[in-house]
Amino acid sequence: MVTSPEQAVNLALARAPILRSAEAGRRAAQGDLVQAGLRPNPEAKIDNQSFIASGPYRGGSPLETSLGLSQRIETAGKRQARVEIAGRALALTGLDVEAARLDLVREVVRALAGAVASARAVEIGRERVRLADEVLRATRSRVEAGREPLVQQRRAEVARETAAVGFERLQREAAEALRALSVLLAAPQVEISAARAAWFDNIGPRPDLAREPALPSSQLDRARLNALVDQRRAELDLQRRNAVPDVTINGAVSRLREASQTATGTAFILGLSVPLPVFDRNQGNILRAGAEVNRAEADAERGRLYLDASLTDGERRLDQSWRAADSLRRIVLPAAGEAAASAREGYVGGKFSLLEVLDAQRVLSDAREQLNAALLEMQQVRADIARLRGRAATPTPASAPAGRQ
């Protein structure tokens, strides 16, 4: 039984496969960092001259046997540049792991709020069916007593069936919300207690948007954008360094023999080879890396604008949903409840018509649904804002038992 966002978040963090996947990505980046710092392997070479010969050399020992080593020497700091790229990639994967954790927390809180709201909607639908049954029974009694025409009973029956159809739809939606929550919690089945979800009803004080700071440059998503730009710049630097050819040093020991096999000798050979950058100067890779830097910078600028806009929109929605929930709970819902109760009592006493009763019930149900929707939006927007600010997306704890809708 999940009763609070904290409990749901702890379950998800302990079980969710997405976190294991993100952590595996970080370990893979650590492997890339190790590999980037390794030097090229030396190469061993054995040459046998006249291994297959004819004439006077047939059947004899090779004229020359050489045993050599060659080592490619990287120039222009290529290895340090690779290490720099791999280090930045590792830092980026670390940010990805933290982003995956915060995304999971946000989605769990949103899903739990959705499941609670769906369960509350089912209760509202059940109450609507119950009230429709009461009106239908009263209408039948009045029709049987000759105080109402039969058409009024048909109207009450239509209202009751409409409420029943809506109730079935709400039940399906509640089951879907629970399945979505169970996927996030990596659990085959999840149960919640909407009646004990005091955190869902608590709206806290009105948000003070003027005191909320803007997103700092160290904010997680901004840091990820900046890290990606830095990585692309490091890749451009490596491609520029790759334009400088490497040097290969060769060393060998050769044993020489004349064809007459009367004289032998040993020679030490030292060589140096350098590619000539005549045609390939890594122009294409440099051009591509430069374009990737420009694209990363443009994406980062667009991402920062999107983050700022998302925060502004989220704070505006939070304020609107808070004001809607506060007004509905304090003013609209009590008045609608009193009006519906008076209309039902008056209808039984013959003071109100059936239409007035149905309209009063509709207003009451609509007010309950609007309050439920406002509370849902408020809790979900809080989770979105907490994700943007890089905080744990947990609702404001209830300081006192919250009133049910």
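Please read these numbers as outputs of a predicted model, since none were measured by experiment.

Q: How do you make sense of the pattern of salt bridges when you look at a structure like this?
A: Opposite charge on two side chains allows them to pair when their charged atoms are near. According to the stated counting rule, one finds 43 salt bridges in the structure shown. Between Glu98 and Arg101 there is a salt bridge, with its nearest N and O atoms 2.8 Å apart. On the criterion of helical spacing, the pair formed by Glu98 and Arg101 is a turn pair, its members being three residues apart in helix H3 (residues 78-144). The exposure class assigned to Glu98 is partly exposed, which follows from its relative accessible area of 29%.

Q: Sorry if this is basic, but what is going on with the packing of aromatic side chains here?
A: Aromatic rings in a pair are described by how distant their centres are and how their planes are angled relative to each other. Scanning the model with the defined rule gives one aromatic pair in all. With centroids separated by 5.8 Å and ring planes inclined at 90°, the aromatic side chains of Trp199 and Phe200 adopt a geometry described as edge-to-face. A relative accessible area of 0% places Phe200 in the buried class. When the ring centre of Tyr347 is taken as origin, the NZ or CZ atom of Arg142, which lies over that ring, is 5.0 Å away.

Q: Even after reading the chapter, I still don't get the environment of Ser182, so can you show me in this structure?
A: Within the secondary structure, Ser182 is located in helix H4 (residues 150-184). Ser182 sits 71 residues away from Ala111 along the chain, and the two C-alpha atoms are 9.2 Å apart. In this view, Ser182 contacts Ala187 and Val190; residues no more than four positions away in its chain are not counted. Separated by 2.6 Å, the side chain of Ser182 and the backbone oxygen of Arg179 make a polar contact.

Q: What am I meant to see in unusual backbone geometry here?
A: Excluding glycine, a negative phi dihedral is what most residues carry, and trans is how most peptide bonds are arranged. In this structure, Ala76 takes a positive phi of about 60° despite not being glycine. Examined against the element boundaries, Ala76 turns out to sit in the loop between strand E2 (64-73) and H3. Since its relative accessible area comes to 32%, Ala76 is described here as partly exposed. Even without glycine at this site, Asn282 takes up a positive phi of about 60°. Mapping Asn282 onto the fold places it in the loop between strand E4 (264-273) and helix H7 (283-348). Look at Asn282 and you get buried, because its relative accessible area is 11%.

Calculation notes
Residues numbered from 1 in each chain as written. Predicted model: local features only at pLDDT ≥ 70, side-chain atom pairs only at ≥ 80, totals over all residues. Heavy atoms only, no water. Salt bridge = Lys/Arg side-chain N within 4 Å of Asp/Glu carboxyl O. Helix = DSSP H or I, 4+ residues; strand = E, 2+ residues; numbered from the N terminus. Buried < 20%, exposed > 50% of the residue type's maximum accessible area, 1.4 Å probe, protein only. Phe/Tyr/Trp six-rings, centres within 6.5 Å; stacked < 30°, edge-to-face > 60°. Lys NZ or Arg CZ within 6 Å of the ring centre and 35° of its normal. Contact = heavy atoms within 4.5 Å. Polar contact = N/O pair within 3.5 Å; in protein donor to acceptor, adjacent residues only side chain to side chain.

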